[in-house]
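Topology and contacts: notes
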Amino acid sequence: MLDRLRKRLRDVVSRGSEGFLKIRELRDHVFTALAENDVDVETADYVADLMEKNLSSLGRKIRVEDYRNALKKSLLELMAEYVDPSDPFREEKKPFVVLFLGVNGGGKTTTISKIAHLLRKRGRRVVISASDTFRAGAIEQIQMLGDKVGADVVKQKQGADPAAVAFDAVNRAKARGFDFVLVDSAGRMQTNKNLIQEMKKIKRVAKPDLTILVLDALTGQDAIEQAKTFLEEITYDGVILTKLDTDARGGSVISIIHQLKKPIYYIGVGQAPDDLIPFSPEWLVEKLFSNETS
Ligand SMILES: Nc1nc2c(ncn2[C@@H]2O[C@H](COP(=O)(O)OP(=O)(O)O)[C@@H](O)[C@H]2O)c(=O)[nH]1
Ligand SMILES: [Mg+2]
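Now for a description of the structure that goes with this document. Worth saying up front: this structure is predicted, and the values here are computed from it rather than measured.

What counts, and where the lines are drawn
Per chain, the residues get numbers from 1 upward, laid out in the order the sequence is written. Chain labels run from A onward and ligand labels from 1 onward, assigned in the order the entries are written. For this predicted model, a pLDDT threshold of at least 70 governs which residues receive local features, and a threshold of 80 or more governs which side-chain atom pairs are given and counted, while totals over whole chains, interfaces and linings are taken from all residues. Heavy atoms from the whole structure form the basis of all side-chain values; hydrogens and water molecules are not counted. Every helix listed is a DSSP run of H or I at least four residues long, and every strand listed is a run of E at least two residues long, numbered separately from the N terminus. To sort residues, take the accessible area from a 1.4 Å probe on protein chains only and compare it with the maximum for the residue type: under 20% means buried, over 50% means exposed, and anything in between is partly exposed. The term polar contact refers here to a pair of N or O atoms within 3.5 Å; inside protein, the definition further demands a hydrogen-donor-capable atom paired with an acceptor-capable atom, and it admits residues adjacent in sequence only when both atoms are side-chain atoms. One requirement defines pairing of two strands: DSSP has to find at least two bridges between them. Only the stretch in contact is used when a helix axis is fitted, and all axes are lines through C-alpha atoms; the angle between N-to-C directions ranges over 0 to 180 degrees. Ring pairs shown here join Phe, Tyr and Trp side chains whose ring centres sit within 6.5 Å, with only the six-membered ring taken for Trp; geometry is labelled stacked below 30 degrees between planes, edge-to-face above 60, and tilted in between. Summary of the distance rule: residues count as near a molecule or strand when at least one heavy atom falls within 4 Å of that molecule or strand. Shrake-Rupley sampling with a 1.4 Å probe provides the accessible areas, and residues are treated as covered by the protein chains on show and by no other component. A 1.4 Å probe that fits into a set of points on a 1 Å grid over the protein atoms alone but cannot get out defines a cavity; an open set with protein on both sides within 12 Å along at least five of seven lines defines a pocket, and lining residues are those with an atom within 4 Å of a point. Occupancy of a cavity or pocket is assigned to a molecule whenever over half of its atoms lie within 2 Å of that pocket's grid points.

Thoughts on the side chain of Ser 185
Within the secondary structure, Ser 185 sits in the loop between β4 (180-183) and α8 (193-206). The exposure class of Ser 185 is buried, given its relative accessible area of 0%. At 2.6 Å, the side chain of Ser 185 and the backbone oxygen of Phe 100 are in polar contact.

What follows is the structure, given as structure tokens:
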């Protein structure tokens, strides 16, 4: 996981042991290592500054271990702000309605089934609104996933109004005393005004208590730009990052966290219902520095 960035960081640390442990040079190494691994320049600069500050405060000759620790500390500092220790699924009302947004293929539907599974394990009753009425096969996909995790699925035909499906789902939940409504949606390219209008309509009609942006952690700067544009048009409360199990350009996750400035609730680490874990900076930083070779 996150192999390339991890290897590069390891490289830098071992180069440091060759004797040039000057703060300024270490700063440049870190900046380059991050920038070469899909961390955007602004974020790489930010981390490098934090590290420089952390090293400077030591006020003594820098050892490799100091360097490694300062870098870990800097990454933890960067991420710490975006951990929301409270449970996002806080059920302050019944049903508690959660809307999931994000571009196609990002992992919305899979994530909804994981969240449904999590809530079912807590003994909660869950309705899923099949509000991706756009993509062929989407309704069948969510019905299958809903069956698998024991959630009810409210659906209409392909092409139906997504907001109307969400409306039905909320009403069904109210009538039958369900605890949660999880509203799926179609992948929206935010450049398409009609689609943005459609999302706004879902929001007006379903009145979500929580709106979550689902983002593929590996798509890098593109995903960030999409997410920022989303935020200009449709407000959301927090983020779930997916696909952190797939080997690739791990650094983008650092950029996403730094640039979106929203809490990261969970991360997806696979395709199965249990492959969802609460976001933990410690977990992520350990992965970056782990010695496993792969
Ligand atoms: N490896 C991995 N694959 C994932 C994860 N989340 C979603 N996927 C896969 O990504 C693809 C797109 O997911 P889907 O939920 O249909 O995306 P949607 O278009 O946003 O609804 C599917 O093949 C999923 O199995 C994850 O955390 N890890
Ligand atoms: Mg989907």
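Topic: the sheet that holds strand β1 (residues 96-101)
Taken in spatial order, the 8 strands line up as β3-β2-β4-β1-β5-β6-β7-β8 in an open sheet, and their pairing is mixed. The sheet is open, and its two borders are formed by β3 (152-154) and β8 (276-278), each paired with just one other strand. Neighbouring strand axes in the sheet, compared pairwise and without regard to direction, differ in orientation by 25 degrees on average. Of the pairings in the sheet, the one linking β1 to β4 comprises 4 bridges and is parallel in character. Directly across from Val 98, in β4, lies its bridge partner Leu 182.

Remarks on the packing of aromatic side chains
A full pass over the atoms with the stated rule returns 3 aromatic pairs. On the basis of an interplanar angle of 75 degrees and a centroid distance of 5.8 Å, the ring pair of Phe 96 and Phe 180 is categorised as edge-to-face. Highlighted residues: Phe 96 in strand β1 and Phe 180 in strand β4, separated in sequence by 84 residues. Taking relative accessible area as the criterion, Phe 180 reaches 0% and is therefore assigned buried.

A closer look at helix α10 (residues 252-260)
Of all the 9 residues making up α10, 9 are buried; the element is thus mostly covered by neighbouring parts of the structure. For α10, the set of buried residues is Ser 252, Val 253, Ile 254, Ser 255, Ile 256, Ile 257, His 258, Gln 259 and Leu 260. Phi for Lys 261, located one or two positions after α10, is positive at around 55 degrees.

Quick look at the site of ligand 1
The full set close to ligand 1 counts 18 residues, and Gly 105, Lys 108, Thr 110, Asp 245 and Gln 271 are the nearest of them. At a separation of 2.9 Å, an oxygen atom of ligand 1 approaches a polar backbone atom of Gly 107. One of the side-chain nitrogen or oxygen atoms of Gln 141 is found 3.1 Å away from an oxygen atom of ligand 1. Notes on ligand 1: free accessible area 580 Å², of which the protein chains cover 83%. A majority-of-atoms criterion places ligand 1 in the largest pocket.

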